[in-house]
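# Breakdown of the fold
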Amino acid sequence: MKVAMITDTFDGIGGTEQAIKNFTSVLEGLGHQVRIIHSDKRYRIKGPLEELLRFNPDIVHVHTPGPLGNLGVLYAKSKEVPVLGYFHSLPDVRFYFERGLEKKTIGEFLWKLVKYFYQSCDLTLVPTREVERLLLEKGFENLRVLHYGIDLSLFKPVPDGDVRRSLRFGDRDRILLYTGWFRKDKRVDVLLQSLRQLDEDFKLLLIGDGPTRADLLKEISSLGISDRVAVHASVENSELAKFYNCADIYVNASMSETLGISMVEAMACGLPVVAAASPGAKDIITPGYNGLLVGLDSPRSLAEGVEGLWPRRKEMGINARRATERYDVQKTTRRLAAIYEETLGF
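Residues numbered from 1 in each chain as written. Predicted model: local features only at pLDDT ≥ 70, side-chain atom pairs only at ≥ 80, totals over all residues. Heavy atoms only, no water.

### What to know about the overall build of the protein chain
- Helices and strands together make up the secondary structure of the protein chain, namely 14 helices and twelve strands.
- For 346 residues, the compact-globule estimate of 2.2 N^0.38 gives 20 Å, and the C-alpha radius of gyration of the protein chain, at 20 Å, lies within 12% of that figure.
- In the protein chain, buried positions account for 55% of the 346 residues.
- Contacts spanning at least 24 positions in sequence make up 71% of the contacts within the protein chain whose residues lie at least 6 apart.
- Averaging the coordinates of the 47 positive side-chain charges in the protein chain and doing the same for the 46 negative ones gives two points 0 Å apart. (Helix = DSSP H or I, 4+ residues; strand = E, 2+ residues; numbered from the N terminus. Rg over C-alpha atoms; globule rule 2.2 N^0.38 Å. Buried < 20%, exposed > 50% of the residue type's maximum accessible area, 1.4 Å probe, protein only. Contact = heavy atoms within 4.5 Å. Lys, Arg positive; Asp, Glu negative; His and termini not counted. Charge placed at Lys NZ, Arg CZ, Asp CG, Glu CD.)

Encoded structure:
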């Protein structure tokens, strides 16, 4: 089976990109031919279209509703081959416009575009039941839940004191960790404000990059917490496990996660999670078992969540690892291959 994976973004840092890489690796191991087709920073279409024509896929799998994703849908329709979509991201504009009318108008317009795109697919896969429920409420059809998959042999509990010391954290420091994009919708600034409300022995490790990086560095300084925050550049996925294993609790303040692959990776390494109650977090976290869900409104709620979880962090960390079995990339990708075959009528 020849599968074209099509995405408008493929910069190596986000959950969408990592999910595509994980699916592709296992599909190829199962004997399928997979081509990841993505645009360059100028969104030029000619090269990707020529690549699609040369590859001649049996099935097209689009991951983003941008120019290249739409090209994938049009190609599939013109060639009469099945096209599947994967709904990775909510069109959340709350943090990019100041005026309420702008937020409402642009938000509604984006939802209409996104809905039209995915309804053009033969089937749309979604990462969680909570996202499925949200989309059904908005009138989406032909949905099926398929979790992201991670490599549980790579992401596992293996204590790493060397990384901790290289980052100049002491043995008694209590390390909170966030990995991923530095963008407004990820609300990394809320993590900084929460840290300020915690005892001095709580420290924060941020790993990633993005458009708000410079602003975050300024805020760290203005809040007077420079000695409590370490900011590390993005690292290859194969290196991430050791950073998870040097931390005590994973934190995430994003309100728009559809799954949050970094939360699953952290849990697989034995970290409990304190997260804002986004659609993805609600599906991953069982409050009081493998983490805590907190309100979306204030840094104080996240700080209180960290304080409340701390005495049970080891117990919840064990439970967190157990809870990730359903995200085994081998299992999820075999399910994906079965969906492809079903769609093709095999």
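Picking up where we left off.
### Observations concerning helix α1 (residues 15–29)
- With 15 residues, α1 extends 21 Å from end C-alpha to end C-alpha; this agrees with the ideal 21 Å at 1.5 Å per step.
- Here the buried face of α1 lies against β1 (2–7), β2 (33–38), β4 (83–86), α9 (237–244), α10 (261–268) and α14 (329–344).
- Following α1 by one or two positions, G31 adopts a phi angle in the positive range, close to 100°. (Expected span 1.5 Å × (residues − 1).)

### Brief notes about unusual backbone geometry
- The backbone of N56 shows a phi angle near 55°, a positive value even though the residue is not glycine.
- Here N56 lies in the loop between α2 (46–55) and β3 (59–62).
- On the basis of relative accessibility, which here comes to 48%, the residue N56 falls in the partly exposed class.
- Even without glycine at this site, N142 takes up a positive phi of about 55°.

### What to know about the environment of E257
- By secondary structure assignment, the location of E257 is in the loop between β10 (249–252) and α10.
- Overall, E257 belongs to the buried group, its relative accessible area being 10%.
- Every residue in contact with E257, bar those within four places of it in the chain, is listed here: K186, N252, M263, S278, P279 and G280.

### Structural notes on the sheet that holds β3
- Reading across from one edge, β2-β1-β3-β4-β5-β6 is the order of the six strands in this open sheet, with parallel pairing throughout. Among the strands making up the open sheet, the edge pair consists of β2 and β6 (143–145). Here the average twist between neighbouring strands, direction ignored, is 25°.
- Here β3 runs beside β4; their pairing, made up of three bridges, is parallel. Along β4, the bridge assignment pairs H61 with L84.
- Its contacts with the sheet put α1 on β1, β2 and β4, and the angle it makes with β1 is roughly 170°.
- Seen against the sheet, helix α3 (residues 67–79) touches β1, β2, β3 and β4 and runs at an angle of roughly 160° to β3. (Pairing = 2+ DSSP bridges. Axes fitted to C-alpha atoms, helices over the stretch in contact; angles between N-to-C directions.)

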